[in-house]
Amino acid sequence: MTPIATPGQTVGPFFHLGLSYDRDSELVPPGSPAAVVLRGRVLDGDGHGVPDALVEIWQARPDGTIAVEPGSLRRDGWTFTGFGRASTGPDGTYAFTTVAPGPTEPGRAAFLAVAVFARGLLNRLFTRAYLPGDTAALAADPLLSALPEHARRTLVAEADGQGFVFDIRLRGPAETVFLRYPGQRP
Amino acid sequence: MNPLAVPARELEPQSVISSEMAALDAGYRGAGVTETQPRLDYPPYRSSLARHPGRAAYDVDPETIERCAPCFGARDVDPLDADLTVGHPGAPIGERTVVTGRVLDGDGRPVRRQLVEIWQANAAGRYAHGRDQHPAPLDPNFTGAGRCLTDDDGWYRFQTIKPGPYPWRNHRNAWRPAHLHFSVFGTAFTQRLVTQLYFPGDPLFALDPIYQSIVDPRARDRLVAAYDHDVTSHEWATGYRWDIVLTGPGQTPLDAEAQDGGGA
């Protein structure tokens, strides 16, 4: 018999105690070659920033390969592990320094896998932050091409001078598209 | 002065929250569909009102990156990180306890050499966190954060202090059942889980909207550890057993490559 999954619970207000660590949001050191900033705000249904949210990213390298290197919790400054974690500030802002991931298969759209946690959010949410630029790959992406334009827009980061901006709206008219994978039940 | 005695807003009584929970429970029992996870939309947990998506999650097949998981190793985790009772000048106050169990994927296979993180209040119900205003004492010998890697059979093990219940501002006289926060990774990023472990027989279960947001009684019981006298040790610590099952089948990067090579 297939075992039934353990239920999730909210991360609560005090997750920094157990989950935050030194340089958790620095997948590469700030200012290093090819470093970009991925930043945005986590917003609630009233448009207010969520000051007690945690955003995790998991991504490929620029060449599309996936790191199998430990070291995310104790950054050595040169090993790229592909994983990072950022807690939001008072206005709901989070920021990572990382490198732009490449597509894991040639011709596919590149994205970062994103998990969102917050006080008031009873289980984690999954989404994707697609990188803008490769319009052909974005247009051909199976997920994006299946979504109406207003929903599709929530999944594509915007380029700015330093990198990319990706806001996460938990609720409301511009609500981010959140994802459910096979095997996940209500 | 007790900061909790000066409410910033009029807090509703427990009876209002309890009757809302009872109505949702009756609705669930009448629906005849089995749920296994918490509801994101659970109004008795007031903070969830503005923080739950209005639309259902979109069903999608995981792509390559989502079928893999971050890798953690001995470089990340010191073996002493699994003992929350050490690392301070003295011993912490409270009931010393060991919590252990296995992390399994949705097929029941052990999740090996993967990261488990925990955090918790101290024995008095106070978090060593700047935002915790509960006027209970901090323990200079207890921080309340730990980590370990599962072993080759998926086992984790922490030695800690049993946390106390603590009050919060969801409603008037709201108290959380004692719990440990758990953060777990699987072999795929899609299995990422953050949850809470509870202790058996807690009188606050029926009153707590976070625990009751899992409306199925068998499902929420999966968060309650079992007292295990074989984990309890002579003249030292009580012991609890709690297994964690992640969603969906696990997949190693190698499996994913094989599948892609098969023409996917």
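Structure shown above.
The following paragraphs examine the structure supplied in this document.

Each value, and the rule that gives it
Residues numbered from 1 in each chain as written. Chains lettered and ligands numbered in written order. Predicted model: local features only at pLDDT ≥ 70, side-chain atom pairs only at ≥ 80, totals over all residues. Heavy atoms only, no water. Salt bridge = Lys/Arg side-chain N within 4 Å of Asp/Glu carboxyl O. Helix = DSSP H or I, 4+ residues; strand = E, 2+ residues; numbered from the N terminus. Buried < 20%, exposed > 50% of the residue type's maximum accessible area, 1.4 Å probe, protein only. Pairing = 2+ DSSP bridges. Axes fitted to C-alpha atoms, helices over the stretch in contact; angles between N-to-C directions. Disulfide = S-S within 2.5 Å. 1 Å grid on protein atoms, 1.4 Å probe; cavity = no way out; pocket = protein on both sides within 12 Å on 5 of 7 lines; lining within 4 Å. Points joined across faces, edges and corners; volume = space filled by probe spheres on them. Nonpolar A, V, L, I, M, F, W, Y, C, P; charged D, E, K, R; others polar. Contact = heavy atoms within 4.5 Å. Buried area = accessible area lost by both parts, 1.4 Å probe. Polar contact = N/O pair within 3.5 Å; in protein donor to acceptor, adjacent residues only side chain to side chain.

Some thoughts on the pattern of salt bridges
Pairing between side chains becomes possible if they bear opposite charge and their charged atoms approach one another.
Right, on to step 1. Evaluation of the coordinates by the stated rule reveals 24 salt bridges over all chains.
Right, on to step 2. The residue A:Asp160 makes a salt bridge to A:Arg39 at a minimum N-O spacing of 2.7 Å. Placement of the pair is A:Asp160 in the loop between strand S7 (158-159) and strand S8 (163-165) and A:Arg39 in strand S1 (residues 36-43), with a sequence separation of 121 residues.
Right, on to step 3. B:Asp243 is the partner of B:Arg241 in a salt bridge, and the nearest nitrogen-oxygen pair spans 3.0 Å.
Right, on to step 4. Residue B:Arg241 is classed as partly exposed on the basis of its relative accessible area, which comes to 27%.

Considering the sheet that holds strand S9 (residues 193-198) of chain B
All names here are of chain B.
Right, on to step 1. A sheet is described by the order of its strands in space; here four strands give the open sequence S4-S3-S8-S9, paired in antiparallel fashion. Each edge of the sheet is formed by a strand with only one pairing partner; in this case those strands are strand S4 (145-149) and S9. For this sheet, the mean angle separating the axes of adjacent strands, direction not counted, is 20°.
Right, on to step 2. Sheet analysis places strand S3 (residues 115-120) next to S4, joined by five bridges and oriented antiparallel. Within the sheet, the bridge partner assigned to Leu115 lies in S4 and is Leu149.

Quick word on the state of the cysteines
All names here are of chain B.
Right, on to step 1. Within the structure shown, the criterion is met by zero disulfides over all chains.
Right, on to step 2. In this model Cys68 remains outside any disulfide bridge; the closest cysteine sulfur is found in Cys71, 11 Å from its own.
Right, on to step 3. Given the relative accessible area of 5%, Cys68 is considered buried.

Concerning empty space enclosed by the protein
Residues and elements named next belong to chain A.
Right, on to step 1. Inspection of every chain in the model, using the stated rule, returns four cavities of 30 Å³ or more.
Right, on to step 2. A volume near 90 Å³ is recorded for the largest cavity.
Right, on to step 3. Contributing to the lining of the largest cavity are 13 residues, with Pro103, Thr104, Ala109, Ala110 and Phe111 lying nearest its centre.
Right, on to step 4. If you add up the space inside the second largest cavity, you get close to 50 Å³.
Right, on to step 5. Partitioned by chemical class, the residues of the lining of the second largest cavity number four nonpolar, two polar and four charged.

Here's the deal with the interface of chain B and chain A
Right, on to step 1. The partner chain A presents 77 residues to the 85 residues of chain B that form the contact.
Right, on to step 2. Here chain B and chain A share an interface that buries about 7,100 Å² over both sides, 58% of which is from carbon and sulfur atoms.
Right, on to step 3. Sorting the residues of chain B by area buried against chain A places B:Arg51, B:Ile65 and B:Arg75 first, and these three jointly supply 13% of that buried surface.
Right, on to step 4. For the interface between chain B and chain A, the tally reads eight salt bridges.
Right, on to step 5. Seen at the junction of chain B and chain A, the total is 43 residue pairs in polar contact (both at pLDDT 80 or more).
Right, on to step 6. Counting residues per element, the ones that place at least two in the side of chain B that touches chain A are strand S1 (58-59), S3, S4, strand S8 (179-184), S9, helix H2 (209-212) and strand S12 (244-245) of chain B.
Right, on to step 7. Along the lines of polarity and charge, the residues of the side of chain B that touches chain A split into 39 nonpolar, 23 polar and 23 charged.
Right, on to step 8. Of the strand pairs in this sheet, strand S10 (residues 179-180) of chain A and S1(B) are connected by two bridges, and their pairing is parallel. By the bridge assignment, A:Leu179 is partnered in S1(B) with B:Tyr58.

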